[in-house]
Amino acid sequence: MNTLALDAALRERCRAITPEIIALRHAIHAHPETAFQEERTAREVAERLRALDIEVTTGVAGTGVVGLLRGGQPGPTVALRAEMDALPIQEQTGAAYASTTPGRMHACGHDGHTAILVGAAGALAALRAHLSGDVKLIFQPAEEQVAGASRMCAAGVMSNPPVAAIAALHGWPGLPLGTINVSPGPVMASADAFEIAITGRGGHGAMPHLTVDPVVAACEVVGALQSIASREVSPNAPVVVSVTAIHAGEAYNVIPEAARLRGTVRTLDPAVRARIPERMRRIAAGVCAAHEAEARVDYQECCPVTANDPRACRAIREAAEPLLGAASVRGDGPPSMVSEDFACYLAEAPGAILRLGLGDTPSLHNPRFDFPDAAVPLGVALMARVGLRLLGCGW
Ligand SMILES: [Zn+2]
Ligand SMILES: [Zn+2]
């Protein structure tokens, strides 16, 4: 089959499976499961892949599922990835297929991503005899904890057979429906987590001079940490230092013994990222020493910067342009300080994540967010074509 005929067959197959894939999206949406608990979703995905005669491995990194679609012609192995986890949010969409589990919902669109990848697998499976190489279909757990991808990699998902290139999509509210954005270089920030334990000396709230007040020290540490972004890193290098939790004390008349701060650090540059822990330790220790308190900083690197490979971006654009039109395939999206554990796969193979326009919808992680059905067929056709294009890139 020549490229044009293959393209037409792929489009036809994608069109045919759209109703089934939208129904699958609704079913996943109704049964959201949070990080590492994606049992039901994983079962559903595995069943669908097996029905397509795709080799399936389950229980990867806990609840992950990996499908291997073997092409009829020799060639490389490329991978497409989706995430299956939901969020601990009470849904307020009012949708007919809304979450049936209180306090859990698909507010990041991973229901859409999972259904889309099952759809793309179906479209590619129908053409397997004509595929030059294999397509690995990665359904990972726990993206929201930026923990699933690293465990999938540790479980060997990028080897056996080795993955030459990888792609993924994420729905993007605010980007018009029918458009995508895929830019080379850093597109999502690194994510680190920190906890600062501040120890003072407790006592009576009315006799502060006899105490070492960890609350006052903690407040000054929160303020001083803001100087990392404003005074220690170039204004040209984006960095976020957010203290997101403060815990200290119980009673109105007791100065507590200790205080605890928690937060997150985001950067777009590995060199900037590497210097943050030392700065944080120096500031926390110095400010606390000024109050005779002590600080202990526990700093954990969670996921690296997501940097798209230029060649993979070009392949995605080439796959998307005949489908969406050149004007709707953009490469000008500003990087987001949100993070993506897709970065872990990019540490092992070149690849790219594209933003799929979801139009005028509530923001990601909002209780009224719902992945638009209209974006599903676009996503299916796009991911199938990206898989095909990546196979033909000669990695
Ligand atoms: Zn999310
Ligand atoms: Zn997400």
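Residues numbered from 1 in each chain as written. Chains lettered and ligands numbered in written order. Predicted model: local features only at pLDDT ≥ 70, side-chain atom pairs only at ≥ 80, totals over all residues. Heavy atoms only, no water.

Novice: What should I look at first to understand the coordination of the zinc ion (ligand 2) in this one?
Specialist: Within the protein, the atoms that donate to the zinc ion (ligand 2) are Cys108 (SG), His110 (NE2) and His170 (NE2), at distances of 2.1 to 2.4 Å. Counting the intervening residues between successive donors of the zinc ion (ligand 2) yields the motif C-x1-H-x59-H. In this model, the zinc ion (ligand 2) sits 3.2 Å from the zinc ion (ligand 1), the two metals being bridged by Cys108. Taken together, the residues Cys108 in the loop between strand S3 (73-83) and helix H3 (110-126) and His170 in strand S5 (residues 165-172) connect sequence positions 62 residues apart. There is no split in this pair, since Cys108 and His170 are both buried. (Donors = N, O, S within 2.8 Å, 3.2 Å for Na, K, Ca; no water. Helix = DSSP H or I, 4+ residues; strand = E, 2+ residues; numbered from the N terminus. Buried < 20%, exposed > 50% of the residue type's maximum accessible area, 1.4 Å probe, protein only.)

Novice: So what exactly am I meant to see when it comes to the side chain of Thr264 here?
Specialist: Mapped onto the elements, Thr264 comes out in strand S11 (residues 258-267). When its relative accessible area of 18% is taken as the criterion, Thr264 is described as buried. Only 3.0 Å separates the side chain of Thr264 from the side chain of Arg266, close enough to count as a polar contact. Those residues in contact with Thr264, other than ones at most four positions away along the chain, are Asp192, Phe194, Val240, Val241 and Ser242. (Polar contact = N/O pair within 3.5 Å; in protein donor to acceptor, adjacent residues only side chain to side chain. Contact = heavy atoms within 4.5 Å.)

Novice: Is there a simple way to explain helix H1 (residues 3-30) in this structure?
Specialist: The periodicity of an α-helix, 3.6 residues per turn, causes residues three or four places apart in sequence to face the same way. Given a rise of 1.5 Å per residue, 28 residues ought to cover 40 Å, and the 39 Å separating the end C-alpha atoms of H1 matches this to within 8%. Its axis deflected by about 50 degrees at Thr18, H1 carries its strongest bend there, up to four residues before the proline Pro19. (Expected span 1.5 Å × (residues − 1). Bend = angle between axes of the 7 residues up to and from the residue.)

Novice: Looking at this model, I keep getting lost on the packing of aromatic side chains. Mind explaining?
Specialist: The way to describe two aromatic rings as a pair is by their centre distance and the angle between their planes. Following the criterion strictly, the structure yields 1 aromatic pair and no others. Plain terms: the ring middles of Phe342 and Tyr345 are 5.9 Å apart, the flat faces sit at 55 degrees to each other, and that makes the pair tilted. By relative accessible area, Tyr345 is classed as buried at 0%. Above the plane of the ring of Trp172 lies Arg355, whose end atom (NZ or CZ) is 4.1 Å from the centre. (Phe/Tyr/Trp six-rings, centres within 6.5 Å; stacked < 30°, edge-to-face > 60°. Lys NZ or Arg CZ within 6 Å of the ring centre and 35° of its normal.)

Novice: It is not clear to me how the coordination of the zinc ion (ligand 1) should be interpreted in this structure. Could you clarify?
Specialist: Each donor-metal-donor angle would ideally measure 109.5 degrees in four-coordinate tetrahedral geometry, or 90 or 180 degrees in six-coordinate octahedral geometry. Protein-derived ligands of the zinc ion (ligand 1) are Cys108 (SG), Glu144 (OE), Glu144 (OE) and His365 (NE2), with the metal-ligand distances lying across 2.0 to 2.6 Å. With 4 donor atoms in place around the zinc ion (ligand 1) and angles of 54 to 150 degrees between them, the coordination shape is irregular. The motif formed by the donor residues of the zinc ion (ligand 1), counted along the single chain, is C-x35-E-x220-H. (Tetrahedral: all angles 85-135°; square planar, octahedral: opposite > 155°, others 65-115°.)

Novice: How should I be thinking about empty space enclosed by the protein in this particular structure?
Specialist: Over the atoms a probe the size of a water molecule is rolled, and this reveals where empty space is left. According to the stated counting rule, one finds 2 cavities of 30 Å³ or more in the structure shown. In this model, the largest cavity occupies a volume close to 60 Å³. In this structure, the largest cavity is lined by His170, Trp172, Asn181, Val182, Ser183, Val187, Met188, Asn308, Ile353, Leu354 and Arg355. Of all the secondary structure elements, the ones that give two or more residues to the lining of the largest cavity are S5, strand S7 (185-199) and strand S16 (351-357). Tallying contributions element by element places S16 first for the lining of the largest cavity, with 3 residues. When its residues are assigned to classes, the lining of the largest cavity shows 6 nonpolar, 4 polar and 1 charged. Looking at the second largest cavity, its volume works out to about 40 Å³. Lining the second largest cavity are Arg81, Ala82, His113, Ile116, Leu117, Leu169 and Met383. Broken down by secondary-structure element, the contributors of at least two residues to the lining of the second largest cavity are S3 and H3. (1 Å grid on protein atoms, 1.4 Å probe; cavity = no way out; pocket = protein on both sides within 12 Å on 5 of 7 lines; lining within 4 Å. Points joined across faces, edges and corners; volume = space filled by probe spheres on them. Nonpolar A, V, L, I, M, F, W, Y, C, P; charged D, E, K, R; others polar.)

Novice: What's the story with the sheet that holds strand S2 (residues 64-69) in this structure? I'm lost.
Specialist: In spatial order, the strands read S1-S2-S4-S3-S5-S16-S6-S14; together these 8 strands make up an open sheet with mixed pairing. On the outer flanks of this sheet lie strand S1 (55-60) and strand S14 (329-330), each paired with one strand and no other. Both S2 and strand S4 (residues 132-140) contribute to a ladder of 5 bridges, which runs antiparallel. Bridge assignment links Val66 to a residue of S4, and that residue is Ile138. Sitting on the sheet, H3 is in contact with S2, S3, S4, S5 and S16, with an inclination near 160 degrees to S3. (Pairing = 2+ DSSP bridges. Axes fitted to C-alpha atoms, helices over the stretch in contact; angles between N-to-C directions.)

Novice: Would you take a moment to explain the environment of Glu294 for this structure?
Specialist: Considering the arrangement of structural elements, one finds Glu294 in strand S12 (residues 294-303). Leave out the neighbours within four places in its chain, and Glu294 touches Ala197, Ile198, Thr199 and Cys288.

Novice: It is not clear to me how the pattern of salt bridges should be interpreted in this structure. Could you clarify?
Specialist: One pass over the full model with this rule turns up 21 salt bridges. A salt bridge links Glu20 to Arg48, with the shortest nitrogen-to-oxygen separation between them at 3.3 Å. Of this pair, Glu20 sits in helix H1 while Arg48 sits in helix H2 (residues 39-51), and the two are 28 residues apart along the sequence. Residue Arg330 is joined to Asp332 by a salt bridge in which the shortest nitrogen-to-oxygen separation is 3.6 Å. On the accessibility criterion, Arg330 (31% relative accessible area) is partly exposed. Overlapping salt bridges bring together Arg25, Asp111, Asp370 and Asp373 as one network. (Salt bridge = Lys/Arg side-chain N within 4 Å of Asp/Glu carboxyl O.)

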